[in-house]
Amino acid sequence: TEKAVASSDATNITSAITRRDGSSSSSGSSSDSCCSGGGHYVVQGLKWWTSGAMDPRCKVAIFMGKTDPSAPPHRQQSMLLVPMDAPGVRVLRPLSVLGYDDAPHGHAEVLFDNVVVPASNLLLGEGRGFEIAQGRLGPGRLHHCMRLVGASERALGLAATRALQRSAFGKPLAAQGGLREVLARQRIALEGARLLVLNAAEALDRVGHKAARAEIAAAKVAAPAVALQVIDAAIQIHGGAGVSQDVVLGHLFATARTLRIADGPDEVHLGTLAKLELEAAAGGPAALRGILGRARL
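A short tour of the structure in this document, coming up. All figures in this text were calculated on a predicted structure; none of them were measured in a lab. (Residues numbered from 1 in each chain as written. Predicted model: local features only at pLDDT ≥ 70, side-chain atom pairs only at ≥ 80, totals over all residues. Heavy atoms only, no water.)

Some points on the overall build of the protein chain
Applied cut-off: A run of H or I in DSSP counts as a helix once it spans at least four residues, and a run of E counts as a strand once it spans at least two, with each numbered from the N terminus. Burial classes: relative accessible area under 20% of the type maximum marks a residue as buried, over 50% as exposed, and values in between as partly exposed (1.4 Å probe, protein chains only). Here a residue-residue contact requires only that any non-hydrogen atoms of the pair lie within 4.5 Å. Using a 1.4 Å probe, accessible areas were evaluated by the Shrake-Rupley method; residue-level cover was limited to the displayed protein chains.
Scanning the protein chain from N- to C-terminus turns up six helices and eight strands. Mapped in sequence order, the helices and strands of the protein chain form the string β-β-β-β-β-β-α-β-β-α-α-α-α-α. Expressed as lengths along the three principal axes of its C-alpha atoms, the size of the protein chain is roughly 85 × 50 × 30 Å. Every one of the 297 residues in the protein chain was classed for burial, and the buried ones make up 40%. Taking contacts inside the protein chain between residues at least 6 apart in sequence as the whole, the part at least 24 apart equals 68%. In the structure as shown, the protein chain presents an accessible area of about 16,000 Å², 57% of it carried by carbon and sulfur atoms.

Set out below in structure tokens:
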């Protein structure tokens, strides 16, 4: 992710990956010696939300940048491996998620300043970065969704236990009609999200991430929304304890809220679903383009 642009649209990425052959480098820097006698790439860019960069075990970063800005929009980007100890790599600061540092995993803002890496560090080939990202994002999004279902289940269990343990206004919370309705509605919402995720996982296995993009998009929007609803209800039932460090609910809420943004914001997935619905109604992608003209969906 890049700090200066809306990089949920990968075509906005400004980081650069520049090819240099072994004889053309004249910088004389010690970093060039790692690639002497062969081609190399020079990497330049400022990234943030670099997952795992704060973990001392992190030795390699996967860097995405543009190798050919003049290529078609989804063939401009490439990915390559950058050692975290390479000259020019600077971890500028750790980033917290609504106050949580997610240690030891951690996220960071990282500057890649004229970092030189061997050409052999390129992944799959020039112009295939977007392809790699999309291949990972389908299963990755579902992994988030499955964890959100688990977080929701944990929160609902904590809420039910709290309702049995505490009393207010002369009777247990579990005997309060309003609270019982809240618990029931959270269970209904949770099971709906679980089935959406299961349906998306089955479609992913059966037809692959490209053909299952509608099911994945639906699950990716629904799962964090339901998790936030369920966790919020659990926080309310816990009262002051729900927002304290003594109970896990605050951390669960922060994670769920982040996942409305991570791996594509809700708006992108809703746009995908809408586009597929319109294509079906119009008679296919070409027919929809003919109706809408130059408008980009």
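Topic: the packing of aromatic side chains
What counts, and what does not: Under the pairing criterion, centres of Phe, Tyr and Trp rings, with the six-membered ring standing for Trp, must be within 6.5 Å; the plane angle then separates stacked pairs below 30 degrees from edge-to-face pairs above 60, leaving the rest tilted. Comment: the charge-over-ring label is applied if NZ (Lys) or CZ (Arg) is within 6 Å of the ring centre and within 35 degrees of the ring normal.
Considering all chains together, one arrives at two aromatic pairs under this definition. Between tryptophan 48 and tryptophan 49, the aromatic rings sit 5.9 Å apart at their centres with planes inclined by 50 degrees, giving tilted as the arrangement. With a relative accessible area of 22%, tryptophan 48 lands in the partly exposed category. Ring centres 4.8 Å apart and planes at 70 degrees place the aromatic pair phenylalanine 63 and phenylalanine 112 in the edge-to-face group. In this pair, phenylalanine 63 is assigned in strand β3 (residues 60-66) and phenylalanine 112 in strand β6 (residues 107-118), connecting sequence segments 49 residues apart. The exposure class of phenylalanine 63 is buried, given its relative accessible area of 1%. It is lysine 47 that lies over the ring of phenylalanine 63; its NZ or CZ is 5.0 Å from the centre.

Quick notes on unusual backbone geometry
The step from alanine 103 to proline 104 runs through a cis peptide bond, and the omega angle for that step is 0 degrees. Summarising the element assignment, proline 104 is placed in the loop between β5 (89-95) and β6. Its identity is not glycine, yet tryptophan 49 carries a phi of approximately 55 degrees, on the positive side. The topology assignment puts tryptophan 49 in strand β2 (residues 40-51). Residues other than glycine seldom take positive phi values, yet leucine 124 does so here, at roughly 70 degrees. With respect to the element layout, leucine 124 can be found in the loop between β6 and α1 (129-165).

Points about the side chain of arginine 141
In plain terms, the rule: Counted as positive: Lys and Arg. Counted as negative: Asp and Glu. His and the chain ends are not counted at all. A pair is scored as a salt bridge if a Lys or Arg side-chain nitrogen falls within 4 Å of a carboxyl oxygen belonging to Asp or Glu.
By secondary structure assignment, the location of arginine 141 is in helix α1. Of the buried charged residues, arginine 141 lacks a salt bridge, with aspartate 263 as the closest side chain of opposite charge at 5.3 Å. Once you skip the residues sitting within four places of it in the chain, arginine 141 turns out to touch Gln134, Ile216, Lys220, Asp263, Gly264 and His269.

Brief notes about the side chain of serine 244
What counts here: Definition of a polar contact: a pair of N or O atoms within 3.5 Å, with one able to donate and the other able to accept a hydrogen when the atoms are protein atoms, and with sequence-neighbouring residues admitted only if both atoms are side-chain atoms.
Checked against the element boundaries, serine 244 lands in the loop between α3 (213-238) and α4 (249-258). A polar contact is formed between the side chain of serine 244 and the backbone oxygen of alanine 241, at a distance of 2.8 Å. At a separation of 3.1 Å, a polar atom in the side chain of serine 244 contacts the main-chain amide nitrogen of aspartate 246.

Quick word on the packing of α3 against helix α5 (residues 266-282)
Test applied: Think of each axis as a best-fit line through the C-alpha atoms, taken over the contacting stretch in the case of a helix, with angles from 0 to 180 degrees between the N-to-C directions. By definition, turning the near helix anticlockwise from the far helix through less than a right angle yields a left-handed crossing, and turning it clockwise yields a right-handed one. Residue type decides the class: Asp, Glu, Lys and Arg count as charged, Ala, Val, Leu, Ile, Met, Phe, Trp, Tyr, Cys and Pro as nonpolar, and the leftover types, Gly among them, as polar.
Following both chains from N to C, one finds α3 and α5 inclined at 140 degrees, their axes separated by 9 Å at the closest point. Once α3 is placed against α5, the crossing between them reads as left-handed. For the pair formed by α3 and α5, the contact residues are Arg213, Ala214, Ala217, Ala218, Lys220 and Val221 on the first element and Asp266, His269, Leu270, Thr272, Leu273 and Leu276 on the second. Its residues assigned to classes, the contact of α3 with α5 shows seven nonpolar, two polar and three charged.

Considering the pattern of salt bridges
The final tally for this structure, using the stated rule, is 13 salt bridges. With a shortest N-O distance of 3.1 Å, lysine 47 and glutamate 2 are connected by a salt bridge. Here lysine 47, found in strand β2, pairs with glutamate 2, found in the segment before β1 (16-20); they are 45 residues apart in sequence, far enough to count as distant. Here the two residues lysine 47 and glutamate 2 agree in accessibility, since each one is buried. A salt bridge links arginine 187 to glutamate 191; its shortest N-O distance comes to 2.7 Å. Taken as a pair, arginine 187 and glutamate 191 lie in helix α2 (residues 177-211) at a separation of four residues, close to a single helical turn.

Description of the packing of α1 against α4
Applicable threshold: Every angle not falling under 35 degrees, over 145, or within 65 to 115 is termed oblique; those three ranges are roughly parallel, roughly antiparallel and roughly perpendicular.
Orientation of α1 relative to α4, taken along the N-to-C sense of each, is 150 degrees, at an axis distance of 11 Å. When the axes of α1 and α4 are compared, the pair comes out roughly antiparallel. The interaxial crossing formed by α1 with α4 has left-handed handedness. Residue-level inspection shows Leu148, Ala151, Arg154, Ala155 and Leu158 of α1 in contact with α4, the latter providing Leu249, Leu252 and Ala256. Residue composition of the contact of α1 with α4, grouped by class: seven nonpolar, no polar and one charged.

Focus on the environment of alanine 86
Its location among the elements puts alanine 86 in the loop between β4 (77-83) and β5. In this structure alanine 86 comes out as buried when scored by relative accessible area, which is 10%. Taking the C-alpha atoms as reference, alanine 86 lies 27 Å from threonine 11; in sequence the two are 75 residues apart.

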